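As a plain string of letters, each chain reads:
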Amino acid sequence: METIIICPNCHNQLQGTPCSAVYRCQFCKAKISVEKCETVPKGPLSFRWTTKLYGSGSLCSTSDQKPKPMMFSTSGHQPKKAFLCGVSYQKKKHKLKGTVNDVNRMKSLLVDKFCFPENAILVLTEEQSDPNLTPTKKNIQKALSWLVEDCKSGDSLVFYFSGHGLRQPDFSQDEIDGYDETICPSDFMTAGMIFDNEINTTIVKPLKKGAKLHAIVDACHSGTILDLEHVYNSKQKRWVNNKPPSGVSKSTNGGLAISLSACADDQLAADTSAFTGNEMTGVLTFLLVQTIAENPNITYGDLLDKIHEKIVQANKHGCLNAPFLNKLFRRKLLQECQLSSSKEFDVDKEVFKL
């Protein structure tokens, strides 16, 4: 029999002997003392921390199974839950400077405007000291699973990503345009990218009836990054079918998934300081947060229109300050925010709400 202990510092599960006095976390190396043994029921973990000389910890029920590392946990069920990921690609040629700023903006929006509890928001960035909270492929995959874990009717879930996005040839006939879209973790050069098919399987398909997921992806080639079956055409003002030619289902388990992406699948998304004057930021993230602050009860349709208007206005002044991007884009932003959904809805009546 093994005892599972949850480290209060990094929230990973440890192994130990029942009711031992002191443990050391093999992940963050913190010393943990346990004052009390508790039985934790099946389902979402709930903790009661106790404090002693070396720190604090909670002793969970014994188990014959080897515990899996757990990087984040909440006390009981959370009806509002978010996973925010910003990848800077530190010390790489393809480094991004605005992703942490993007994550901070999005977190403030969730907490201040949409009343998300801070303890229900998981943030992965390279600037964090805990290796379990850096945006590696493995950690992002775990966080995506955590986001939809035990989701229920009435839940509001948010997945946010700021970083690089790429596209790869599709050989399974899942894509109308013949390409899979991907997001790039911090270690994608060695561990690989995360494909839209995997994202759909992990956070779209498990959505139960009455649950809602919003994905906001500020990355290149991110138009259909969730592989949702309906894409809104802003110019024609109508929904367009995006179901896979292969016939495979990309739908939810009764819930609603909505994605706002920085650009179409064949476009690039920019990182710029044009809107702030000093700090770098993703165009979609900055304009989304700004537009919602200016229009608290804005509809999805008006949100798309206003973001487009702000980009057009910025282009009149030449908003790209990087020489390479200036040459590539001719000093203009050539990205159009994309809306996709698992179900069609009236974008001119439905208010944007997380």
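It should be emphasised that the depicted structure is a prediction, and the values quoted were computed from it without experimental measurement. (Residues numbered from 1 in each chain as written. Predicted model: local features only at pLDDT ≥ 70, side-chain atom pairs only at ≥ 80, totals over all residues. Heavy atoms only, no water.)

**Focus on the overall build of the protein chain**
- Assigned secondary structure in the protein chain consists of seven helices and 19 strands.
- Out of the 354 residues belonging to the protein chain, those deemed buried represent 53%.
- Carbon and sulfur atoms make up 51% of the accessible area of the protein chain, which amounts to about 16,500 Å² in all. (Helix = DSSP H or I, 4+ residues; strand = E, 2+ residues; numbered from the N terminus. Buried < 20%, exposed > 50% of the residue type's maximum accessible area, 1.4 Å probe, protein only. Areas by Shrake-Rupley, 256 points an atom, 1.4 Å probe, with all protein chains shown as cover.)

**Regarding the confidence of the model for the protein chain**
- Overall, the prediction assigns the protein chain a mean pLDDT of 81, with 73% of residues at 70 or greater.
- A low-confidence stretch, residues 35–70 stays under pLDDT 50, and its non-local contacts, those more than four residues away or across chains, total 95 contacts.
- Under a pLDDT of 50 for its full length, residues 320–331 has, in the predicted model, 20 contacts with residues more than four places off or in other chains. (pLDDT = per-residue confidence, 0-100. Contact = heavy atoms within 4.5 Å.)

**Overview of the sheet that holds strand 8 (residues 121–125)**
- The mixed open sheet is built from eight strands, whose spatial order is 8-7-9-13-16-19-14-15. The sheet is open, and its two borders are formed by strand 8 and strand 15 (238–241), each paired with just one other strand. Across the sheet, the mean angle from the axis of one strand to that of its neighbour is 20°, orientation sign disregarded.
- Pairing analysis gives three bridges linking strand 14 (residues 230–233) to strand 19 (residues 338–341), with the strands arranged antiparallel. By the bridge assignment for strand 19, His-230 is matched with Ser-341.
- Relative to the sheet, helix 2 (residues 137–148) contacts strand 7 (80–86), strand 8, strand 9 (156–162) and strand 13 (212–218), its axis offset from that of strand 7 by approximately 165°. (Pairing = 2+ DSSP bridges. Axes fitted to C-alpha atoms, helices over the stretch in contact; angles between N-to-C directions.)

**Remarks on the nonpolar core**
- Among the nonpolar cores identified, the biggest contains 42 residues, and Leu-84, Leu-339 and Phe-352 are the most heavily contacted of them.
- For this core, the elements supplying multiple residues, two or more each, are strand 7, helix 1 (99–113), strand 8, strand 9, strand 16 (256–261), helix 5 (283–294) and helix 6 (300–315).
- With seven residues, helix 5 is the single largest residue contributor to this core.
- For Leu-339, the residues in contact, after removing those within four places along its chain, are His-230, Val-231, Tyr-232, Trp-239, Ile-258, Ser-259, Leu-260, Tyr-300, Leu-304, Phe-345 and Val-347.
- Ranked by size, the runner-up nonpolar core spans 36 residues in total, among them Leu-133, Ala-211, Ile-225 and Leu-226. (Core = buried A, V, L, I, M, F, W, Y, C linked by side-chain atoms within 4.5 Å.)

**Structural notes on the environment of Thr-190**
- Mapped onto the secondary structure, Thr-190 falls in helix 3 (residues 188–191).
- A residue is classified by how much of its surface remains accessible, and Thr-190, at 73% relative accessible area, is exposed.
- Counting along the chain gives 53 residues from Thr-190 to Lys-137, while the straight-line C-alpha distance between them is 9.7 Å.

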